[in-house]
Amino acid sequence: MVDVAREDSWQTGPSELAPEWLSVPRDWQELDRTVWPEAFGRGDSGELTVSGLSAAALAETYGTPLYVVSEDTFRARAREFRDAFDQAFEAIGTQVSVYYAGKSFLTPEVVRWVREEGLNLDTASGGEMSCGMRGGMDPARMALHGNNKSAAEITRALDAGVGRIVVDSLPEIELVGRLARTLGVTAPVMLRVTPGIHAETHDFIATAHEDQKFGLSLAPPQATDVQAQDALSADGQSSIADVASAPSDAAAPVGDGVASAGESVTSAAMRAVSACVAHPNLDLQGIHCHIGSQIFAAEGFAQAAERVLTFMAEVRAKFGVQLPQLDLGGGYGIAYTEADRPRPAQHIAEALAAAVRDTCQRLEFPVPHLSFEPGRSIVGPAGITLYTVGTMKAVTVKPGQSRRYVSVDGGMSDNPRPVLYGADYSAVVADSTSGEGTAAPVFSRVVGKHCESGDVVVNSTYLPADLAAGDLLAVPATGAYCWALSSNYNWLPRPTVVAVSTTSGEPQARVMVRGETEDDLFARMEPSEPTPLA
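Basis of the calculations
- Residues numbered from 1 in each chain as written.
- Predicted model: local features only at pLDDT ≥ 70, side-chain atom pairs only at ≥ 80, totals over all residues.
- Heavy atoms only, no water.
- Helix = DSSP H or I, 4+ residues; strand = E, 2+ residues; numbered from the N terminus.
- Buried < 20%, exposed > 50% of the residue type's maximum accessible area, 1.4 Å probe, protein only.
- Contact = heavy atoms within 4.5 Å.
- Areas by Shrake-Rupley, 256 points an atom, 1.4 Å probe, with all protein chains shown as cover.
- Core = buried A, V, L, I, M, F, W, Y, C linked by side-chain atoms within 4.5 Å.
- Pairing = 2+ DSSP bridges.
- Salt bridge = Lys/Arg side-chain N within 4 Å of Asp/Glu carboxyl O.
- 1 Å grid on protein atoms, 1.4 Å probe; cavity = no way out; pocket = protein on both sides within 12 Å on 5 of 7 lines; lining within 4 Å.
- Points joined across faces, edges and corners; volume = space filled by probe spheres on them.
- Polar contact = N/O pair within 3.5 Å; in protein donor to acceptor, adjacent residues only side chain to side chain.
- Axes fitted to C-alpha atoms, helices over the stretch in contact; angles between N-to-C directions.
- Parallel < 35°, antiparallel > 145°, perpendicular 65-115°, else oblique.
- Left-handed = near helix turned anticlockwise from the far one by under 90°.
- Phe/Tyr/Trp six-rings, centres within 6.5 Å; stacked < 30°, edge-to-face > 60°.
- Lys NZ or Arg CZ within 6 Å of the ring centre and 35° of its normal.
- Arc of directions from axis to C-beta.

(A) Structural context of the overall build of the protein chain. In terms of regular secondary structure, the protein chain is built from 14 helices and 22 strands. Residue burial in the protein chain is summarised as follows: out of 534 residues, 54% are buried. Long-range contacts, defined as pairs at least 24 residues apart, comprise 71% of the intrachain contacts of the protein chain with a sequence gap of at least 6. When the accessible surface of the protein chain is split by element, carbon and sulfur atoms take 49% of a total near 22400 Å².

The following block contains the structure:
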């Protein structure tokens, strides 16, 4: 049974309950540079700073919870990835485009940073596409992703001249082709394929194995898979629908509508290529794949490159089409805790370039133009979240072993990743009122204020014994998928996002996203008169 211990007698020192990777801090002021970029430091009195500005002063000015984003860190990491990929792939004789994955964190100001640092923008909805345009991004430097794009989103992309539409399914080929024909334009498309690799990450953010919603499989289909493809064309032009639903041993049309007798179209991906090259309003630019997110091992990326390049060589042999572009996605892991060991951008780029070079040489296939989509790896380390400590209590988990629960004024509404994926984070004291001198370590769990037992912010950490209500905690590496996934659960307004920058010389803080108020939430709920239905 779990008992509540006296709250003035925390169990201190190393805990048997702690995970093996978690070490006991030697110095409460020390910041692990694997997790904390150089923009974050300590002031003379021990308080956390962001580019020299006191975190405590930021919290006092803007309130907590508070997202703080280091513009300097974002820009530096964007340049690091751009330069690393440029240099690695120039060495093997090709060019690279780096697309920032906007889904990780996107505002018009972020778009400006991305644009000024020479990156393109990857969007996953009409809203993100609109944000990109509001931020001044040239639509030709934007991509539109999504497994279920609406006709309105596709039309908007075509009207705006978005540089690539990444098609995710056979029915979507029909939809994009029909809309392009109606508008009298040619749609630039890439086909997203699933190379059948199960990346070493959480199942919900692994996207290259077969049993999930994204992409067109490279694997040969079962007979029922082929029969299940609907003939969607209703306007007399049956090329796409017919090709998409054709038996796997049917002749496949190529650009001029002719194919060798008995030529086989097998996988969904190959049927999609056949449909695209047969349509006069589709410009098939290349192949896209993405194996998942928060991945550290290099092997999965290399395997994906090999499989997709092999597929592109098969496309050339079957259709006589030399696809000029290959997008290998993103998903590069970052450090959330001391257990994480992310690879530098240079190592990632050089390993991928070597894999592409070797595979192309083996296949006697020209090295295509490469694209990559880092998001988390750029913005994740640039962001932190500040919380104010509230209630604390000790809970006996087993005889002789207790855990301190430290409640803060936010939680799963501003960072749902722990409850969604079991994501681990770390925390440090951000002001100078705790952790001074020889304060003993207490094994702790930082939790939110929501009415959910799974509302965990930091699952396992050591914090000083003298931590008190009103103290300020900082959780690093919250730049990605925190504000982007935030909610109003329990009617909590979403927090303010503040950017800190030294681009003008002196460090300055400014609001990027205004925090919500309860009035904002009520404003969406004004009663209205009944509306007649169509």
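(B) Local environment of the nonpolar core. Counting 116 residues, the largest nonpolar core has Phe85, Phe89, Tyr100 and Leu191 as the members making the most contacts within it. If near-sequence neighbours (up to four positions away) are discounted, Phe89 is found in contact with Thr94, Val96, Ala349, Leu352, Ala353, Val356, Leu370 and Phe372. One finds Ala39, Leu48, Val428 and Leu472 within the second-largest nonpolar core, a separate group that totals 21 residues.

(C) Spotlight on the sheet that holds strand 3 (residues 48-50). On the basis of which strands lie adjacent, the open sheet formed by three strands has the order 2-3-4 and antiparallel pairing. The open sheet has two free edges, formed respectively by strand 2 (40-42) and strand 4 (53-54), since each of these has just one partner strand.

(D) Focus on the pattern of salt bridges. In the structure shown here, the tally under the stated rule is 18 salt bridges. Across the salt bridge formed by Glu109 and Arg510, the nearest N and O atoms sit 2.2 Å from each other. In this pair, Glu109 is assigned in helix 3 (residues 108-116) and Arg510 in strand 22 (residues 508-513), connecting sequence segments 401 residues apart. With relative accessibility at 28%, the residue Arg510 sits in the partly exposed group.

(E) Quick peek at the environment of Asp455. Following the sequence through the fold, Asp455 ends up in the loop between strand 18 (441-447) and strand 19 (456-464). Overall, the relative accessible area of 2% leaves Asp455 in the buried class. What Asp455 contacts, discounting residues up to four positions off in sequence, is Gly410, Gly411, Met412, Val447, Gly448, Lys449 and His450.

(F) Local environment of empty space enclosed by the protein. Summed over all chains, the structure comprises four cavities of 30 Å³ or more. As a volume, the largest cavity reaches approximately 50 Å³. Together, Tyr67, Val68, Val69, Phe105, Gly383, Ile384, Thr478, Gly479, Trp483 and Val497 line the largest cavity. Those elements that place two or more of their residues in the lining of the largest cavity are strand 5 (66-70) and strand 15 (383-398). Among the elements that line the lining of the largest cavity, the one with the most residues is strand 5, at three residues.

(G) Spatial organisation of the layout of surface pockets. Of the voids in this model, the second largest pocket is the one considered here, and its volume is about 520 Å³. In terms of lining, the second largest pocket is formed by 25 residues, of which the most central are Ser23, Pro25, Glu30, Asp32 and Glu338. Mapped by element, the contributors of at least two residues to the lining of the second largest pocket are strand 17 (428-429) and strand 19. At five residues, strand 19 tops the list of elements feeding residues into the lining of the second largest pocket.

(H) Region of the structure containing the environment of Thr182. Note that Thr182 resides in helix 6 (residues 170-183). With 99 residues separating them along the chain, Thr182 and Asn281 place their C-alpha atoms 9.6 Å apart. Separated by 3.0 Å, the side chain of Thr182 and the backbone oxygen of Arg178 make a polar contact.

(I) Broad picture of the packing of helix 4 (residues 126-134) against helix 5 (residues 151-160). Two elements in contact, helix 4 and helix 5, have axes whose closest approach is 10 Å; the angle formed by their N-to-C orientations is 25°. In terms of axis orientation, helix 4 runs roughly parallel to helix 5. Two packed elements cross with a definite hand, and for helix 4 against helix 5 that hand is left-handed. Between helix 4, through Gly126, Met129, Ser130 and Met133, and helix 5, the contact on the second element is made entirely by Glu153, Arg156, Ala157 and Ala160.

(J) Representation of the packing of aromatic side chains within the structure. Counted according to the given criterion, the structure contains 14 aromatic pairs. Aromatic pair Phe85 and Phe89: ring centres 6.3 Å apart, planes at 25°, arrangement stacked. Of this pair, Phe85 and Phe89 both sit in helix 2 (residues 71-90), separated by four residues, roughly a single helical turn. As far as the burial class goes, Phe85 and Phe89 line up, both buried. Ring centres of Phe89 and Phe372 lie 5.3 Å apart, and the angle between their planes is 45°; this geometry places the pair in the tilted category. With Phe89 in helix 2 and Phe372 in strand 14 (residues 369-372), this pair connects stretches of sequence that are 283 residues apart. Phe372 matches Phe89 in its accessibility class, with the two residues each being buried. A connected cluster of aromatic rings, assembled from ring pairs, spans Phe81, Phe85, Phe89, Phe301, Tyr332 and Phe372. When the ring centre of Trp10 is taken as reference, the NZ or CZ atom of Arg404 above it lies at 5.2 Å.

(K) Quick peek at helix 5. Among the residues making up helix 5, those that are buried are Ile154, Ala157 and Leu158. Buried residues along helix 5 cover an arc of 95° about the axis, so they all sit on one side. Facing away from the buried surface of helix 5 by more than 90 degrees, the exposed residues are Ala152 and Asp159. For helix 5, the secondary structure elements touched by its buried residues are helix 4, strand 8 (142-144), strand 9 (164-167), helix 6 and strand 10 (187-194).

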